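Each chain, letter by letter, is given below.
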Amino acid sequence: MSAIKIGAAPLNQTPLDWSGNLQRIVSAINEAREKKVELLCFPELAITGYGSEDLFLSYWFPIKALDQLKTLLPHCKGITVAIGLPVRIENKVYNTMAIVEDGKLKGFVAKQYMAIDGVHYEFRWFTPWKAHEIIDLDFFGEKIPFGDITFHHKNIHYGFEICEDAWRGPIRPGYRLCERKVDLIFNPSASHFAMGKTLERKELIEFSSKEFDCYYCYVNLLGNEAGRMIFDGETMLAKSGKVLYRNQLLSYQDFQVLTFEVKEEVQEIARILSKEEEFVQAASLGLFDYLRKSKSRGFVLSLSGGADSSTVAILVAEMVRRGIQELGLENFCKKISFPIPQNSASAEKELVNQLLTTAYQGTKNSSVDTFKSAKELAESLGATFYHWTIDEEVGTYTQKIENAIGRKLTWAEDDITLQNIQARTRSPIIWMLANINNALLLATSNRSEGDVGYTTMDGDTSGSISPIAAVDKYFILHWLRWAEINLDRPGLALVNSLQPSAELRPAERTQTDEKDLMPYSLIVEIEKLAIRDRRSPMDVFLILKEEIQIEDQILKGYIKKFFQLWSRNQWKRERLAPSFHLDQFNVDPKTWYRFPILSGGYKEELEQLDQL
């Protein structure tokens, strides 16, 4: 088999941006043709975007996708292109790849297995195609083969596994393609980013290339397409169990055209990023796309000086730094519709100043340390920084309710009420600032707080978007220490010296987050077993008993507290601002984990735990 040049084109698409989506596809095809690519593969559902949700169920939506494909045909002269789109046949919708050779549509390959776990609900929209089945589809009066098809280009026989198809073990289509003696399998994907996931993909692709004795080419979507899921644009080529090509992930580009030859030699392999690097790269790209696609004019953040809000501030600053580094100053400003700073030497800080407005909203319970922490961090990043106190407003609310109920509120009797009114009083004024700036209000909740409801609804949960709501607090604390050194962010020094605290009780009550809850390191271990692995309270105890050095009764107490708080606070998780999916799992009921708002709260299961 003589070597040919093939290409993969990760794309950053947007649902319903028909002209923009088509323009990016055409631009990628033109660039591929200039690079002498013979066979170009786009990701899954590249014409519409994967995140189109219930639009896939609309009668008109798949029809318009076919119209877009028809418009695309003349742009495919002199090249073979594989492109993803939904196709409706009668009352069923199929997830397909269309193969266009020299401007002529040759056929459609339909996806055989649907992703139905975690963030994916494909069975809601798509029908699986049956193996070996082929029909004729009427494409504007022309009969086109549709179904389980393979193709030939010169002396290369190639086929497709579409994303989830490849993850189905011994029943996956790859085994049937192997029987048909294909030389090359493409895997066009819409595989969400998660920290560490690239290692799983690498293992799968290496295995596939060896098991099926063929070249295996993987190409993924790119960017924050529709709000929650981020795609990393990963592209790999493997043969005989070895990766021959791998790109660097999470580009700020609209699209990439990545080329390699079908020959068994290493061509280019980007290093695999650490979890800390992946987090900042993915979250900052997610913010960049959310900002420009929502047509907002920046971000507003209630900067408390603590770990969570400081993390969010750093992510915005890194969005600016990384965007300028990859796109260049002019292109970065163009994409977010901001004027180019006059002084290029200080452009990064000037842009952060325009894009990020912060405010420290203190009370008599706030400490001097957190004020200094917030101020120093904001100044080090270049962010606009305001500060004010809310004691007067808190006092007004408190006095009104005291007059109404005829008694004074006390910390002994009204602890939660007095804490929550402070957090809620911060919300209206910071929203006011966001409205004035036509900006996105950034919420600062993390996943650990979401687990146990350690957050004030309509207070610190207020926001347009919650960038770190899918990341645990234990990781956040570790990442901030890493970021201070590895991202050269000296403004984090004071943040990293403080013990996490909501600072809502008087100082003499010595409030800390872990004192209110349990060690964050333990919350992570419990939630992995309880939520990610869906284990019972008894299972969680028996597993952790062997792994953690802690007294049985204390461990039981923490486990009971977790499950009780978890089931009691589902209503809060239902109302959290949209968040990015960044880790192996999250607790957002709109994307990953659904749980009843009203339940028995594991009463019997926790009673069984006591009997152990």
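Shown above is the structure to which this text applies.
In short, a report on the structure. Just so it is clear, the structure is predicted and the values come from calculations on it, not from any experiment. (Residues numbered from 1 in each chain as written. Predicted model: local features only at pLDDT ≥ 70, side-chain atom pairs only at ≥ 80, totals over all residues. Heavy atoms only, no water.)

Helix and strand counts for the protein stand at 20 helices and 21 strands. Taken over the C-alpha trace, the protein has a radius of gyration of 26 Å; the compact-globule value for 612 residues is 25 Å, and the two agree within 12%. Seen through its principal axes, the protein has C-alpha atoms that stretch 85 × 70 × 45 Å. Each of the 612 residues in the protein was classed as buried or not, and the buried ones make up 59%. Carbon and sulfur atoms make up 50% of the accessible area of the protein, which totals about 25100 Å². Of the charged side chains in the protein, 72 are positive and 83 negative; the average position of the first set lies 3 Å away from that of the second. (Helix = DSSP H or I, 4+ residues; strand = E, 2+ residues; numbered from the N terminus. Rg over C-alpha atoms; globule rule 2.2 N^0.38 Å. Buried < 20%, exposed > 50% of the residue type's maximum accessible area, 1.4 Å probe, protein only. Areas by Shrake-Rupley, 256 points an atom, 1.4 Å probe, with all protein chains shown as cover. Lys, Arg positive; Asp, Glu negative; His and termini not counted. Charge placed at Lys NZ, Arg CZ, Asp CG, Glu CD.)

Let us look at the sheet that holds strand E4 (residues 92-101). The sheet built from 8 strands is open, its strands ordered E6-E7-E5-E4-E3-E2-E1-E16 with mixed pairing. Two strands close off the open sheet at either side, each with one partner strand: strand E6 (134-139) and strand E16 (258-261). The sheet shows a mean angle of 30 degrees between the axes of neighbouring strands, taken without regard to direction. Summarising the sheet, strand E1 (residues 5-8) and E16 pair through 4 bridges and their orientation is antiparallel. Paired with Gly7 across the bridge in E16 is Thr259. Packed onto the sheet, helix H2 (residues 60-72) meets strand E3 (80-89), E4, strand E5 (104-110) and E6 and runs at close to 155 degrees relative to E3. (Pairing = 2+ DSSP bridges. Axes fitted to C-alpha atoms, helices over the stretch in contact; angles between N-to-C directions. Contact = heavy atoms within 4.5 Å.)

Core analysis: the biggest nonpolar cluster contains 104 residues, and Phe279, Phe299, Met319, Trp479, Ile531, Phe562 and Leu582 have the highest contact counts within it. For this core, the element with the highest residue contribution is helix H6 (residues 307-327), accounting for 10 residues. Apart from the residues within four sequence positions on either side, Phe279 is in contact with Met195, Thr311, Leu315, Ile468, Val471, Phe475, Ile476, Trp479 and Leu582. By size, the runner-up hydrophobic cluster in this structure holds 38 residues, among which are Leu40, Val81, Leu105 and Phe146. (Core = buried A, V, L, I, M, F, W, Y, C linked by side-chain atoms within 4.5 Å.)

Here the structure, examined in full by the defined rule, presents 39 salt bridges. Its salt-bridge partner being Asp289, residue Arg292 comes within 2.9 Å of it at the nearest N-O pair. You can see Arg292 and its partner Asp289 sitting in helix H5 (residues 275-293), 3 residues apart, about one turn around the helix. Residue classification places Asp289 among the buried positions, given a relative accessible area of 0%. Arg322 is paired through a salt bridge with Glu318; the nearest N and O atoms lie 2.7 Å apart. (Salt bridge = Lys/Arg side-chain N within 4 Å of Asp/Glu carboxyl O.)

A few words on the sheet that holds strand E17 (residues 268-269). Spatially, 7 strands are ordered E8-E9-E10-E11-E14-E15-E17 in an open sheet, and the strand pairing comes out mixed. With one partner strand each, in any of the chains shown, strand E8 (151-153) and E17 form the two edges of the open sheet. In this structure, strand E10 (residues 184-189) lies alongside strand E11 (residues 215-220), joined through 6 bridges in parallel fashion. In the strand pairing of E11, Phe186 is matched with Cys217.

Along its 15 residues, helix H10 (residues 391-405) runs 21 Å from first to last C-alpha, staying within 8% of the 21 Å computed at 1.5 Å per residue. Buried residues of H10: Val394, Thr398 and Glu402, and no others. With its buried residues spanning 65 degrees around the axis, H10 presents them on a single face. Of the residues in H10, the exposed ones pointing more than 90 degrees away from the buried face are Glu392, Lys400, Asn403 and Ala404. The inward-facing, buried residues of H10 abut helix H11 (415-437). (Expected span 1.5 Å × (residues − 1). Arc of directions from axis to C-beta.)

Our next topic: the pairing of E4. Burial analysis of E4 places 8 of its 10 residues in the buried class, the great majority of the element. Across 10 bridges, E3 lies against E4 in antiparallel orientation. Bridge pairing in E4 places Val81 opposite Val100. A loop of 2 residues connects E3 with E4, the two strands running antiparallel in sequence, and Glu90 in this loop sits at a positive phi of about 55 degrees. Here 6 bridges tie E4 to E5, and the two strands are oriented antiparallel to one another. Each bridged residue has a counterpart across the sheet, and for Glu101 the counterpart in E5 is Lys104. Two successive antiparallel strands, E4 and E5, enclose a turn made up of 2 residues, where Asp102 displays a positive phi of approximately 50 degrees.

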